[in-house]
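Per-entry structural report
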Amino acid sequence: MRITFSVIKADVGSLVGHHTVHPQQLEVARSSLSKAKNEGLLTDFHVTAVGDDIQLIMTHQKGINSTQIHQLAWDTFMEITEKVSRKLKLYAAGQDLVATAFSGNMKGLGPGIAEAEFEERTSEPIVVFMADKTEPGAWNLPLYKIFADPFSTPGLVIDETLHSGCTFRVMDVMEDKFVDIDTPDEVYDLLALIGTPGRYIVHSVYRRTDGLFAAAASTARLALIAGKYVGKDDPVMFVRCQHGLPAVGEALEPFAFPHLVAGWMRGSHHGPLMPVSIKDARCTRFDGPPRVAALGFQLCEGKLIGPSDMFDDPAFDKARATANEITDYMRRHGPFMPHRLGPEEMEYTTLVSVLKKLEGKLKPASELQ
Ligand code: F6R
Ligand code: MG
Ligand code: MG
């Protein structure tokens, strides 16, 4: 059975600043998707939230970039904004709905999308990862480890089907271009690009043996769409697992290392990505630290069986403790780089208008006495 798996997310306003969502927002989302399921548009859905972002996890048979499905997600986010966010004066109501109206599909409108169409296997385990207070490039390091690093994924060495490696599709979000890179042969080319996560972002991954689709990630950068800073592009991705693909544990393993990502306070700071359960996916300290939650599902004729809250496990306690230690260390740098992002990244924040005011005060160095 061919199935399309669509994860579409947006921050449409939140409770107590940019902290968490309101239960009524999730109710509106569930009732909207439930109606679409009853009408036969969706096969199944799961609504969840990480920090101030709402994720619509949907299965259907309309293929990728379907106007009907994207319109459903857009209308759902609009309805949440109007019926709850604005009514309760939640903070930054409708924040990610950058476009004024829906036009054909969700691309370039604000919300983040990770989606793919594939043949459901005899058994189909999928893990959906969702982050708050960071950007799509935050997935580059874990995706590299999952699909190209045998020290993290022994299946790349041991499993015959995975042994030929993977193809990474990488977007250049500044130039709106993409390139396909085969690993392990071209692994250094891959790293030369994705080591710059603000610009080169892994879009999807395929198994080389047969081109089987393995992972998809959202790549939308809000500031590039809106032309100004409106919030961070808190990303989503999903990974198909097992039976010739990385095991579930191999997909989770990179998150035992809370790597530094861009985002956090005012979208302007580097901080550790802390793996948490859904109940702990609420940013507090310094509007963070950035968090990632993971929900695991088994697909059954397109139905979402589960979810299981994958980081709700003491095995990730050490990663959380390390993330908290890194948080203390990074915070002590205050407004200095490398805690604060570098000038290139700050171009997409509110610092730009502050610096503009200083421009007129700068004098030529030749006037120095
Ligand atoms: C970061 C984020 C928050 C806000 C901060 C200031 O992605 O959402 O850290 O940037 O709380 O928000 P405003 O400018 O809305 O007061
Ligand atoms: Mg927000
Ligand atoms: Mg957010």
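Scroll up to find the structure this text is about.
Okay, the coordination of the magnesium ion (ligand 2) next. Ligation of the magnesium ion (ligand 2) by protein atoms is provided by D11 (OD), H18 (ND1) and D52 (OD), these donors lying 1.9 to 2.3 Å from the ion. In primary sequence terms, the donor set of the magnesium ion (ligand 2) follows D-x6-H-x33-D. Separating the magnesium ion (ligand 2) from the magnesium ion (ligand 3) is a gap of 4.7 Å, which D52 spans by donating to each of them. Of this pair, D11 sits in the loop between β1 (2-10) and α1 (23-38) while D52 sits in the loop between β2 (44-50) and β3 (53-60), and the two are 41 residues apart along the sequence. Across this residue pair, the class does not change: D11 and D52 are buried.

Taken together, the 4 strands give an open sheet; going across it, the order is β2-β3-β1-β4, and neighbouring strands pair in antiparallel fashion. The sheet is open, and its two edges are formed by β2 and β4 (112-119), each paired on a single side. The sheet shows a mean angle of 10 degrees between the axes of neighbouring strands, direction not considered. Pairing of β1 with β3, which is carried by 7 bridges, proceeds in the antiparallel orientation. Counterpart to S6 in the pairing with β3 is M58. Across the sheet, α1 lies against β2 and β3, angled at about 165 degrees from β2, the strand it touches most. The sheet contacts of helix α2 (residues 67-86) involve β1, β3 and β4, and relative to β3 the element is tilted by about 150 degrees.

What follows is about the coordination of the magnesium ion (ligand 3). D52 (OD), D53 (OD), D132 (OD) and D234 (OD) make up the full set of protein donors to the magnesium ion (ligand 3), lying at 2.0 to 2.2 Å. Mapped onto the sequence, the residues coordinating the magnesium ion (ligand 3) show the spacing D-D-x78-D-x101-D.

Close to ligand 1 lie H18, Y91, K133, Y229, K232, W264, M265, R266, G267 and D287. In the model, an oxygen atom of ligand 1 is placed 3.1 Å from a nitrogen or oxygen of the H18 side chain. A distance of 2.6 Å separates an oxygen atom of ligand 1 from a polar side-chain atom of D287. A breakdown of the residues in the shell around ligand 1 according to their chemical character gives 4 nonpolar, 2 polar and 4 charged.

Glancing now at the packing of aromatic side chains. In the structure shown here, the tally under the stated rule is 12 aromatic pairs. Relative to F213, the ring of F118 lies with its centre 5.8 Å away and its plane at 15 degrees, an arrangement referred to as stacked. Of this pair, F118 sits in strand β4 while F213 sits in strand β9 (residues 213-217); the two residues are 95 residues apart in sequence, bridging distant segments of the chain. Take F118 and F213: they sit in the same class, and that class is buried. The rings of F5, F118, Y206, F213 and F238 are connected pair by pair, giving a single aromatic cluster. The positively charged end of R240 is found above the aromatic ring belonging to F118, 4.0 Å away from the centroid. It is R331 that lies over the ring of F286; its NZ or CZ is 3.6 Å from the centre.

Quantified by volume, the largest pocket comes out at close to 740 Å³. Lining the largest pocket are 28 residues, with K107, I113, M171, H203 and T219 sitting closest to its centre. Put simply, the parts of the chain that give the lining of the largest pocket at least two residues each are β4, β8 (200-207), β9 and α6 (222-226). It is β4 that provides the largest number of residues to the lining of the largest pocket, a total of 5 residues. In this model, the second largest pocket occupies a volume close to 490 Å³. Around the second largest pocket sit 25 residues that line it, and E135, G195, T196, P197 and G198 are the ones nearest its centre. Mapped by element, the contributors of at least two residues to the lining of the second largest pocket are α3 (140-148), α5 (187-194), β11 (260-263) and α9 (343-346). Looking at the lining of the second largest pocket, its residues break down into 13 nonpolar, 7 polar and 5 charged.

Cut-offs used in this document
Residues numbered from 1 in each chain as written. Chains lettered and ligands numbered in written order. Predicted model: local features only at pLDDT ≥ 70, side-chain atom pairs only at ≥ 80, totals over all residues. Heavy atoms only, no water. Donors = N, O, S within 2.8 Å, 3.2 Å for Na, K, Ca; no water. Helix = DSSP H or I, 4+ residues; strand = E, 2+ residues; numbered from the N terminus. Buried < 20%, exposed > 50% of the residue type's maximum accessible area, 1.4 Å probe, protein only. Pairing = 2+ DSSP bridges. Axes fitted to C-alpha atoms, helices over the stretch in contact; angles between N-to-C directions. Contact = heavy atoms within 4.5 Å. Near = heavy atom within 4 Å. Polar contact = N/O pair within 3.5 Å; in protein donor to acceptor, adjacent residues only side chain to side chain. Nonpolar A, V, L, I, M, F, W, Y, C, P; charged D, E, K, R; others polar. Phe/Tyr/Trp six-rings, centres within 6.5 Å; stacked < 30°, edge-to-face > 60°. Lys NZ or Arg CZ within 6 Å of the ring centre and 35° of its normal. 1 Å grid on protein atoms, 1.4 Å probe; cavity = no way out; pocket = protein on both sides within 12 Å on 5 of 7 lines; lining within 4 Å. Points joined across faces, edges and corners; volume = space filled by probe spheres on them.

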